[in-house]
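The primary structure of each chain is shown beneath.
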Amino acid sequence: MTEVFEIDGSSLSLEDIAAVAVERATVAIAKDAYARMEASRAVVEGVVARADTAYGINTGFGKLSDVRIGPNQLEALQRNLVRSHACGIGEPLPEDEVRAMLLLRANVLAKGLSGVRPVVVETLVEMLNRGIHPVIPARGSVGASGDLAPLAHLALALIGEGDVFVSGARVAASEALRRAGIIPLTLAAKEGLALLNGTQAMAGVGGLALARALRVVELFDLAGAMSLEALRGTPAAFDARIHEARPHAGQIAAAAHLRGLLEESEIRESHRHNDPRVQDAYCLRCMPQVHGAARGALRHVRDVIEVEAGSATDNPLIFADEDASQGDGEILSGGNFHGAPLALALDYAAIAVTDLMSISERRIDRLINPDINEGLPAFLSPDAGVSSGLMIAHVAAAALLNEAKVLSHPASIDSVPTSGGKEDHVSMGMTSALKLRQVVANAEYVLAMELMAAAQGLEYRLPLKPAREVERAAAAVRETVPQLKEDRVLAGEIEALAQEIRKGKFDCWRG
């Protein structure tokens, strides 16, 4: 991308984060951010010059905060902090999540409340723009004094230690920086702590997972509309008057989306009169209520992520006086690094997405189950008995749903005291983010399976045509998954359809 994206410490939208993390937009620092950074840095340097005692500037950390550090050891203090905290475990985070972390960390430091030199933010931005991505193990954060271990691995690369990925190859950070002409940082007072205290790992991982979840929640409307047509259901339950009588915004939006998707349907007209059925099953009739509730939950989580993206989350914070030239100000210790707001929200998102999977699985079962599928062939097979059709696709959906239910147990309700009892209540927000990422991936597969099953069911309603948009969507499914005329291996087709969902092939049916 040629667009330059400026950061200044203010809030970022999910689209902003994705533009840099996924689409690799170029990043620059807004000019007005420099004065704020320089003013807060002057306060830190004043503390050092006067030999005042300030946490994290000339003291130890956590339980060791009462240990005073001499002026000749301040650089070693910050360097050792980064090295000692780089205790991440497990597989490295993927490139887009690391890029999100780099962006978010640079942005909150540019806010000018962290006391770092502008060169720290400039180095983060340069690594982003040059495609130098620190190797950051996924696990090891309890989300209390921020995401200490993941952010330590990020900071490690800035000082020329540890490993990075460049164009997919793992190389030493020192070598990657040398090739790019980037000088490794020598961390000054407060700077190591400012890089480590923060919620940018859970915000980066969780934010990108949430962006995918926001796509999924709208596309489950599409899958549900296709299933309703294949099952000869009625859109009467989506009448605007019903939803205006219970005016939750998400419910109203989902109902309107479903009405639009189901316009101009020959299948609907074929059973408008003299249909002995009175009401559809809940998995069809209650789509606006269930899908809408998930929309509302994810909207709330989006708000939390976007506020966090422009929030100062390290400790202590540096508040320079209005006359910044004097280097005067106040240093305040607090707890903005605590991940509770994100942990709770990301757990909420996982629960919402799991509920979407749950209602979708019921629709898949209704499509294939000969006892309740309104005359469709058993398991949507043209030769049931000899062929098993989509029987095991439904089994796979049930397995993914089970896993999502387990992962929906909230991480945020747990706390394990750390740091010798100083950090005696922790958020576990990174666990919440990693769980959400997996739940959303499972949901994308279940969505693919429902689209596949619904498209197959519609084949058996021909020559009657479904609603115009449903017909178009079914044709899009058919570009990846041909009609099932005899049993074949479906695993690759499910994977391919899920990938098309992630790439945005069906985004024109979002609403």
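This text goes with the structure placed above it.
Residues numbered from 1 in each chain as written. Predicted model: local features only at pLDDT ≥ 70, side-chain atom pairs only at ≥ 80, totals over all residues. Heavy atoms only, no water.

**Section: the pairing of strand E6 (residues 163–166)**
Definition in use: In this description, strands pair whenever DSSP reports at least two bridges between them. Helix and strand definitions follow DSSP, with helices as H or I runs of at least four residues and strands as E runs of at least two, each counted in order from the N terminus.
Relative to E6, strand E4 (residues 132–134) runs antiparallel, the two being bridged by three bridges. Bridging from a neighbouring strand, His133 pairs with Phe165 of E6. As judged from the four bridges shared by E6 and strand E7 (residues 169–172), these two strands associate in the antiparallel manner. Its bridge partner being in E7, Val166 is matched across the sheet by Ala169.

**Overview of the packing of aromatic side chains**
Our working definition: Stacked, tilted and edge-to-face are the three classes applied to pairs of Phe, Tyr and Trp rings, where Trp contributes its six-membered ring and a pair requires centres within 6.5 Å; stacked means planes under 30 degrees apart, edge-to-face means over 60, and tilted covers the rest. Classification of residues uses two cut-offs on accessible area relative to the type maximum, computed with a 1.4 Å probe and protein chains only: under 20% is buried, over 50% is exposed, and between them is partly exposed.
Counted by the stated rule, this structure contains one aromatic pair. For the ring pair Phe506 and Trp509, a centre distance of 6.0 Å and an interplane angle of 40 degrees mean the geometry is tilted. The same class applies to Phe506 as to Trp509, namely buried.

**Quick word on the sheet that holds E6**
Where we set the bar: Interaxial angles span 0 to 180 degrees and are taken between N-to-C directions of axes, which are lines fitted to C-alpha atoms, for helices over the stretch in contact. Any two residues whose heavy atoms approach within 4.5 Å are treated as being in contact.
The strand order across the open sheet built from three strands is E4-E6-E7, with neighbouring strands paired in antiparallel fashion. Both edges of this open sheet fall to E4 and E7, since each of them pairs with a single strand only. Here the average twist between neighbouring strands, direction ignored, is 40 degrees. Each of E4, E6 and E7 is contacted by helix H7 (residues 173–180), which is oriented at about 95 degrees to E7, the strand it contacts most.

**Some points on helix H17 (residues 429–459)**
Threshold: An expected span of 1.5 Å times one less than the residue number is assigned to each helix.
If you check H17, its first and last C-alpha atoms are 45 Å apart, about what 31 residues at 1.5 Å a residue would give, namely 45 Å. Counting buried positions along H17 yields 28 of 31 residues, so the element is predominantly enclosed.

**Quick look at helix H3 (residues 74–85)**
As a reminder of what qualifies: Working note: the arc is built from the helix axis to C-beta atom directions.
Helix length check: H3, at 12 residues, gives a terminal C-alpha distance of 17 Å against a target of 16 Å (1.5 Å per residue), a fit within 8%. Looking at H3, one finds that the buried residues are Leu74, Leu77, Gln78, Leu81 and Val82. Down the axis of H3, the buried side of the element spans an arc of 130 degrees, and every buried residue falls inside it. In this structure, the buried side of H3 is in contact with helix H2 (31–50), helix H6 (148–158) and helix H8 (191–196).

**Brief notes about the packing of helix H16 (residues 391–407) against H17**
The criterion, for reference: In what follows, roughly perpendicular refers to angles from 65 to 115 degrees, roughly parallel to angles under 35, roughly antiparallel to angles over 145, and oblique to any angle outside these ranges. Should the near helix be turned anticlockwise from the far one by less than a right angle, the crossing is termed left-handed; should it be turned clockwise, right-handed. Polar here means any residue other than Ala, Val, Leu, Ile, Met, Phe, Trp, Tyr, Cys and Pro, which are nonpolar, and Asp, Glu, Lys and Arg, which are charged; Gly is therefore polar.
Orientation of H16 relative to H17, taken along the N-to-C sense of each, is 160 degrees, at an axis distance of 9 Å. Relative to H17, the element H16 lies roughly antiparallel. Seen along the crossing, H16 lies across H17 with a hand that is left-handed. In this structure, H16 contributes Ala393, Ala396, Ala397, Leu400, Glu403, Ala404 and Leu407 to the contact, and H17 contributes Lys435, Gln438, Val439, Asn442, Tyr445, Val446 and Met449. The residue makeup of the contact of H16 with H17, split by class, is 10 nonpolar, two polar and two charged.

**Some words on unusual backbone geometry**
Each neighbour pair has its own omega, and for Asn315 with Pro316 the value is -5 degrees, a cis peptide bond. Positionally, Pro316 belongs in the loop between helix H14 (287–309) and strand E8 (317–320). Between Leu462 and the following residue, Pro463, the backbone shows a cis peptide bond with an omega angle of 15 degrees. Positive phi, normally seen in glycine, also occurs at Ser419, with a value near 55 degrees.

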